[in-house]
Amino acid sequence: TQLLEQSPQFLSIQEGENLTVYCNSSSVFSSLQWYRQEPGEGPVLLVTVVTGGEVKKLKRLTFQFGDARKDSSLHITAAQPGDTGLYLCAGVERTTGFQKLVFGTGTRLLVSP
Amino acid sequence: EAQVTQNPRYLITVTGKKLTVTCSQNMNHEYMSWYRQDPGLGLRQIYYSMNVEVTDKGDVPEGYKVSRKEKRNFPLILESPSPNQTSLYFCATRGYYGYTFGSGTRLTVV
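Predicted model only: the values in this text are computed from it and were never measured.

## Brief notes about the overall build of chain B
In step 1: What chain B contains, in helices and strands, is zero helices and eleven strands.
In step 2: Secondary structure of chain B in N-to-C order comes out as β-β-β-β-β-β-β-β-β-β-β.
In step 3: At 13 Å, chain B has a C-alpha radius of gyration in line with the 13 Å of a compact globule built from 110 residues.
In step 4: Overall, the C-alpha framework of chain B stretches about 40 × 25 × 25 Å when taken along its three principal axes.
In step 5: For chain B, buried positions account for 50% of its 110 residues.

Below, the structure is given as structure tokens:
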């Protein structure tokens, strides 16, 4: 099973600041997903990036998939308290007739007013 | 509303007492899986089921069993729980647009 490392593990910032979360692996994934998890709830899918170098934007969130499909980043512009949560990246391993999701260790974000 | 429903949400039990965590989905998805979430380790897959005829082990299957007698239900069974199975458990389905997770079951084994 491939491993995904996220950095930083914890991030505490003030409202309005920008931030970037990184997701790195030594192996290649067919695609990569980002989830946000709030206390007491399951992860909720934010985005899937498929092509190396792909950039997707979701309002103030920008997701990028590395050219080699081994890494990804999530950039939040002008963070708001509503962005607080646990952010998880997950790589999709795909073999013949089978698909598996491998999760990163997570980045816990706290945005204070 | 598309949902994955787990029960119970919270459970405290004693070592060795068999328990079942239920999972039900209303999206007609073939694929279902169970994960456990532990601090610093992320979510790790316990078991998955491609359809009602196929279930298989994930990365951490020891001490767990599953059953897939019908498409909508995928219960997780702990025959003899131990303290190291204290964790937050999630059931998930996979459809065309991606994965949908339940709200979780927090299990404490004392």
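## So, the side chain of Thr105(B)
All names here are of chain B.
In step 1: Mapping Thr105 onto the fold places it in strand β11 (residues 105-109).
In step 2: In terms of polar contacts, Thr105 uses its side chain to reach the side chain of Gln6, at 3.1 Å.
In step 3: A polar contact of 2.6 Å, which involves the side chain of Thr105, links it to the backbone oxygen of Pro8.
In step 4: When neighbours within four sequence positions are excluded, Thr105 is seen to be in contact with Gln6, Asn7, Pro8, Arg9, Val21, Ser87, Leu88 and Tyr89.

## Let's talk about the interface of chain B and chain A
In step 1: At the junction of the two partners, chain B supplies 20 residues and chain A supplies 19 residues.
In step 2: The junction of chain B with chain A conceals about 1,500 Å² of combined surface from both sides, 52% of it contributed by carbon and sulfur atoms.
In step 3: Ranking the residues of chain B by area buried against chain A places Leu43(B), Tyr99(B) and Phe101(B) at the top, with a combined share of 33%.
In step 4: Joining chain B to chain A, the criterion identifies one salt bridge.
In step 5: Lys100(A) is the partner of Asp59(B) in a salt bridge, and the nearest nitrogen-oxygen pair spans 2.5 Å.
In step 6: Across the chain B-chain A interface, the total number found is five residue pairs in polar contact (both at pLDDT 80 or more).
In step 7: Elements with a minimum of two residues in the side of chain B that touches chain A: β4 (31-38), β5 (42-51), β9 (87-95) and β10 (98-101) of chain B.
In step 8: Looking at which element gives the most residues to the side of chain B that touches chain A, the answer is β5(B), with five residues.
In step 9: Across the side of chain B that touches chain A, the residue classes break down as ten nonpolar, seven polar and three charged.

## Structural notes on the state of the cysteines
All names here are of chain B.
In step 1: Using the criterion set out here, one finds two disulfides over all chains in the structure.
In step 2: Cys23 shares a disulfide with Cys91; S-S distance 1.9 Å. Looking along the S-S bond of the Cys23-Cys91 disulfide, the torsion reads about -70°, which is the left-handed sense. Within this pair, whereas Cys23 is found in strand β3 (residues 19-25), its partner Cys91 is found in strand β9, the two being separated by 68 residues in sequence. One exposure class covers both Cys23 and Cys91, and it is buried.

## Remarks on the nonpolar core
In step 1: Counting residues in each nonpolar core, the largest one holds 22 residues, and the members touching the most others are Leu19(A), Leu32(A), Trp34(A), Phe63(A), Leu74(A), Ile76(A) and Leu109(A).
In step 2: Counting only elements with at least two residues in this core, the list comes to β3 (19-24), β4 (31-37), β5 (44-49), β7 (61-65), β8 (71-76), β9 (85-95) and β11 (107-112) of chain A.
In step 3: Counting 19 residues, the second largest nonpolar core, distinct from the first, contains Val4(B), Leu19(B), Cys23(B) and Met27(B).

## Focus: the sheet that holds β3(B)
In step 1: Strand order in the open sheet made by the four strands is β1-β3-β8-β7 (chain B), with antiparallel pairing throughout. Single-partner strands in this sheet number two, and they are β1 (4-7) and β7 (65-66) of chain B.

## Description of the pairing of β5(B)
Residue and element names in this part refer to chain B.
In step 1: Within β5, seven of the ten residues are buried, leaving the element largely enclosed by the surrounding structure.
In step 2: Pairing of β4 with β5, which is carried by seven bridges, proceeds in the antiparallel orientation. Following the sheet pairing, Trp34 is matched in β5 by Tyr47.
In step 3: The antiparallel pairing of β4 with β5 creates a hairpin that spans three residues between the two strands, and Gly40 there sits at a positive phi of about 80°.
In step 4: Note that β5 and strand β6 (residues 54-57) share four bridges and pair antiparallel. Residue Tyr47 lies in a different strand from β6, and its bridge partner there is Lys57.
In step 5: Here β5 folds back onto β6 in antiparallel fashion, the turn holding two residues.

Conventions and cut-offs
- Residues numbered from 1 in each chain as written.
- Chains lettered and ligands numbered in written order.
- Predicted model: local features only at pLDDT ≥ 70, side-chain atom pairs only at ≥ 80, totals over all residues.
- Heavy atoms only, no water.
- Helix = DSSP H or I, 4+ residues; strand = E, 2+ residues; numbered from the N terminus.
- Rg over C-alpha atoms; globule rule 2.2 N^0.38 Å.
- Buried < 20%, exposed > 50% of the residue type's maximum accessible area, 1.4 Å probe, protein only.
- Polar contact = N/O pair within 3.5 Å; in protein donor to acceptor, adjacent residues only side chain to side chain.
- Contact = heavy atoms within 4.5 Å.
- Buried area = accessible area lost by both parts, 1.4 Å probe.
- Salt bridge = Lys/Arg side-chain N within 4 Å of Asp/Glu carboxyl O.
- Nonpolar A, V, L, I, M, F, W, Y, C, P; charged D, E, K, R; others polar.
- Disulfide = S-S within 2.5 Å.
- Core = buried A, V, L, I, M, F, W, Y, C linked by side-chain atoms within 4.5 Å.
- Pairing = 2+ DSSP bridges.

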